[in-house]
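Reading the structure
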Amino acid sequence: MKDAARLAAYFIAIIIGGALLAPVLFWSAQALATHGVFLFLARYDFDTFFHRAILIGAVVLFWPLLRFSNVRSLADLGLAPNPHWARDLWAGALLSIIPLLVCGVLLIALHIYSFRHVFLWSRFGKLLISAVSVPFIEETFFRGLALGILLRTGRKLLPIVAVSALFAVVHFLKGPDRATEIVTWTSGFHSIAQAFAGFGDPVMVGAAFATLFLIGCVLADARVLTRSLWVPIGLHGGWIFASGTFSWLARRRMDAFPWLGKNLLVGFVPLCLAAVTWIIMRLWFKHDRASQI
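An account of the accompanying structure is given in this report. Keep in mind that what you see is a predicted model, and the values were worked out from it rather than measured. (Residues numbered from 1 in each chain as written. Predicted model: local features only at pLDDT ≥ 70, side-chain atom pairs only at ≥ 80, totals over all residues. Heavy atoms only, no water.)

**Comments concerning the overall build of the chain**
For the chain, the count of helices and strands is 10 helices and 2 strands. Reading the secondary structure of the chain in the N-to-C direction produces α-α-α-α-β-α-α-α-α-α-β-α. Since a compact globule built from 293 residues should have a radius of gyration of about 19 Å, the 20 Å found for the chain is in line with a globular shape. Referenced to the eigenvectors of the C-alpha coordinate spread, the extents of the chain come out at roughly 65 × 55 × 35 Å. Across the 293 residues of the chain, 45% fall into the buried class. Here the contacts in the chain between residues at least 6 apart in sequence split such that 78% fall between residues at least 24 apart. By element, 72% of the accessible surface of the chain is carried by carbon and sulfur atoms, the whole surface being about 15,800 Å². (Helix = DSSP H or I, 4+ residues; strand = E, 2+ residues; numbered from the N terminus. Rg over C-alpha atoms; globule rule 2.2 N^0.38 Å. Buried < 20%, exposed > 50% of the residue type's maximum accessible area, 1.4 Å probe, protein only. Contact = heavy atoms within 4.5 Å. Areas by Shrake-Rupley, 256 points an atom, 1.4 Å probe, with all protein chains shown as cover.)

**Comments concerning the nonpolar core**
The biggest cluster of nonpolar side chains holds 66 residues, and the ones touching the most others in it are Leu 107, Tyr 113, Leu 235 and Trp 239. Setting aside residues no more than four positions away along its own chain, Tyr 113 makes contact with Leu 107, Ile 108, Phe 246, Ala 250, Arg 251, Arg 252, Arg 253, Leu 260, Gly 261 and Lys 262. Ranked by size, the runner-up nonpolar core spans 7 residues in total, among them Ala 168, Ala 208, Phe 209 and Leu 212. (Core = buried A, V, L, I, M, F, W, Y, C linked by side-chain atoms within 4.5 Å.)

**Focus: helix α6 (residues 157–170)**
If you check α6, its first and last C-alpha atoms are 20 Å apart, about what 14 residues at 1.5 Å a residue would give, namely 20 Å. Within α6, burial applies to Pro 159, Ile 160, Val 163, Ser 164, Phe 167, Ala 168 and Val 169. (Expected span 1.5 Å × (residues − 1).)

**Side note on the environment of Phe 11**
Counting through the fold element by element, Phe 11 comes out in helix α1 (residues 2–34). Residues Phe 11 and Val 170, spaced 159 residues apart in sequence, show a C-alpha to C-alpha distance of 10.0 Å. Dropping the residues within four chain positions of it, Phe 11 is found in contact with Leu 166 and Val 170.

**Examining the packing of helix α4 (residues 85–109) against helix α9 (residues 230–249)**
Between α4 and α9, the least distance of the axes is 7 Å, while the angle of their chain directions is 30°. With respect to their mutual orientation, α4 and α9 come out roughly parallel. Read as a crossing pair, α4 and α9 show a hand that is right-handed. Classifying every residue of the contact of α4 with α9 by side-chain character gives 17 nonpolar, 6 polar and 1 charged. (Axes fitted to C-alpha atoms, helices over the stretch in contact; angles between N-to-C directions. Parallel < 35°, antiparallel > 145°, perpendicular 65-115°, else oblique. Left-handed = near helix turned anticlockwise from the far one by under 90°. Nonpolar A, V, L, I, M, F, W, Y, C, P; charged D, E, K, R; others polar.)

**Examining the pattern of salt bridges**
If you walk through the whole model with that rule in mind, you get 6 salt bridges. Two residues, Asp 3 and Arg 6, come together in a salt bridge whose shortest N-O distance is 2.9 Å. One end of the pair, Asp 3, and the other, Arg 6, are both in helix α1, 3 residues apart, so they sit about a helical turn from each other. Look at Arg 6 and you get partly exposed, because its relative accessible area is 28%. With a shortest N-O distance of 2.9 Å, Asp 221 and Arg 282 are connected by a salt bridge. Residue Asp 221 is located in helix α8 (residues 202–226), and its partner Arg 282 is located in helix α10 (residues 268–292); the two are separated by 61 residues in the primary sequence. Under the relative-accessibility criterion, Asp 221 is labelled buried at 8%. One salt-bridge network, in which partners are shared between bridges, spans Asp 3, Arg 6 and Arg 152. (Salt bridge = Lys/Arg side-chain N within 4 Å of Asp/Glu carboxyl O.)

What follows is the structure, given as structure tokens:
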């Protein structure tokens, strides 16, 4: 329970600290842009600085969390060196990419989506950066640190459920557009309130939260089975790349919510795809272990 309390305190401190730091970052950026320094900063809204503040808080408090949790090595988190890391990384990526792209082809064939006439290559470049960087950051925290600390209780199911729920909740920490709104010291807290207000919509919860929660469970299961983060990183990166590439190539022609949301990671169809990936991943692990005997 002490480890769980430390993680809860860490998460709360990140959110509160980020909410307080975000206005300072926003005002500082605006001041620099006003004086002709880093003019590009003027293009970013408050929500962007709120997320950067959350990230800064997570990094700053990361070392104290390790210290108070008595984490000195990977073994303390239930992780072990993986000599097959490259193979596992690519296997995870393929396991997530192929089902999503097959689904994308079917959606285009059924005229639910159609190909775009214009492709923004700058957007694709940002997608590649996200597909590489985001999995390393999120898997290190959620499946590496948070799950590793909770697994020290000797249980598996409860830590997996708790971390997967946290993983899903964090993805809803996106406030409204404040491009025309005055930013005050309380703006960060307003963003948090607006983010969690969406949980009052049962359709949104069923279509979006459930999918993210299941994805978190798949990633956690892969981490526990391999005692490594490489398969989860591959899976995570593959989902980001496949979903983002499809959104870059195609646009939705008809509204299919809650079966399909704004992308291939939101909705009941993506929920089923995540379950299919989980089954295929389990079968692959079973075959891989049998071949090693």
